[in-house]
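Notes for the structure review
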Amino acid sequence: MNVSALLENFVFSFLATVGFSIFFNSPKKSLIPAGTIGAIGWMVYIVLFDFSGNAILANFFAATLISLFSEILARKMKYPAIIFAIPGILPLIPGLGLYNATLSLVEGNYSNSVFVGTNALFVSAAIAMGVLLITSLVKTYYIICCKLRKKRSQLKNLIK
């Protein structure tokens, strides 16, 4: 894929993510960072898909990166991570695959419907697993940090 096509994909995915953010009534300060996160996630998907040809793997890593950046920006900007994560992930959702599966089902082409629908389902599951992985790691990190702070304060109280 050439640079102009990558730049075009970046711009349109940025605009789509900002549009979804506006649709979800996100704060104005979060629109540009959310758009950037969505555009970066889409670029990761495009590059990995071109490199590997595996949409499931590409969507998993793109969703993981979007979720990681969302958690980081949530802490920096003092907003919930969902403000960045949901609009950023929406361009990755396999809407065309779901449409084609339904169309094949209506047309009576059941084998194609099962194939396309299963692929869309696996892509959706990969996106969910990418978000779940990062969210779980961040929550676990903060639980461990909270427990360590409690232990430290208890030790300080014992020493005094």
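Here goes a summary of the coordinates provided. The structure presented is a predicted model; accordingly, all values stated were derived computationally and were not measured.

Turning our attention to the layout of surface pockets. Counted as a void, the largest pocket has a volume near 260 Å³. In this structure, the largest pocket is lined by 14 residues; those nearest its centre are Tyr45, Ala55, Asn59, Pro94 and Val123. For the lining of the largest pocket, the secondary structure elements donating two or more residues are α2 (31-52), α3 (55-77) and α6 (110-159). It is α6 that provides the largest number of residues to the lining of the largest pocket, a total of four residues. Of the residues in the lining of the largest pocket, the class split is 11 nonpolar, three polar and no charged.

All right, on to the environment of serine 153 then. Of note, serine 153 is situated in helix α6. Since its relative accessible area comes to 35%, serine 153 is described here as partly exposed. Within the structure, the side chain of serine 153 is placed 2.9 Å from the backbone oxygen of lysine 150, a separation counted as a polar contact.

Quick look at the pattern of salt bridges now. One pass over the structure, following the stated rule, counts one salt bridge. Close ionic contact of glutamate 71 with arginine 75 constitutes a salt bridge, the shortest N to O distance being 3.0 Å. Taken together, the positions of glutamate 71 and arginine 75, both in helix α3 and four residues apart, correspond to about one turn of that helix.

Quick look at the packing of α2 against α3 now. As a packed pair, α2 and α3 sit with axes 8 Å apart at the nearest point and diverge in direction by 160°. On the basis of the axis angle, α2 is roughly antiparallel to α3. Where α2 crosses over α3, the handedness of that crossing is right-handed. Judged by residue contacts, Pro33, Ile37, Ile40, Gly41, Val44, Tyr45, Leu48, Phe49 and Ser52 of α2 engage Ala55, Leu57, Ala58, Asn59, Phe61, Ala62, Leu65, Ile66, Phe69, Ser70, Leu73 and Met77 from α3. Its residues placed into classes, the contact of α2 with α3 shows 17 nonpolar, four polar and no charged.

This part is about unusual backbone geometry. At asparagine 25, a position not held by glycine, the phi torsion is positive, near 55°. Structurally, asparagine 25 is set in the loop between α1 (3-23) and α2. One non-glycine residue, lysine 78, lies in the positive phi region at around 60°. Mapped onto the elements, lysine 78 comes out in the loop between α3 and α4 (82-89).

As a further point, take α3. End to end, α3 covers 32 Å across 23 residues, agreeing with the expected 33 Å (1.5 Å per residue, within 8%). In the segment just after α3, lysine 78 is the residue with positive phi, at about 60°.

Definitions and limits used
Residues numbered from 1 in each chain as written. Predicted model: local features only at pLDDT ≥ 70, side-chain atom pairs only at ≥ 80, totals over all residues. Heavy atoms only, no water. 1 Å grid on protein atoms, 1.4 Å probe; cavity = no way out; pocket = protein on both sides within 12 Å on 5 of 7 lines; lining within 4 Å. Points joined across faces, edges and corners; volume = space filled by probe spheres on them. Helix = DSSP H or I, 4+ residues; strand = E, 2+ residues; numbered from the N terminus. Nonpolar A, V, L, I, M, F, W, Y, C, P; charged D, E, K, R; others polar. Buried < 20%, exposed > 50% of the residue type's maximum accessible area, 1.4 Å probe, protein only. Polar contact = N/O pair within 3.5 Å; in protein donor to acceptor, adjacent residues only side chain to side chain. Salt bridge = Lys/Arg side-chain N within 4 Å of Asp/Glu carboxyl O. Axes fitted to C-alpha atoms, helices over the stretch in contact; angles between N-to-C directions. Parallel < 35°, antiparallel > 145°, perpendicular 65-115°, else oblique. Left-handed = near helix turned anticlockwise from the far one by under 90°. Contact = heavy atoms within 4.5 Å. Expected span 1.5 Å × (residues − 1).

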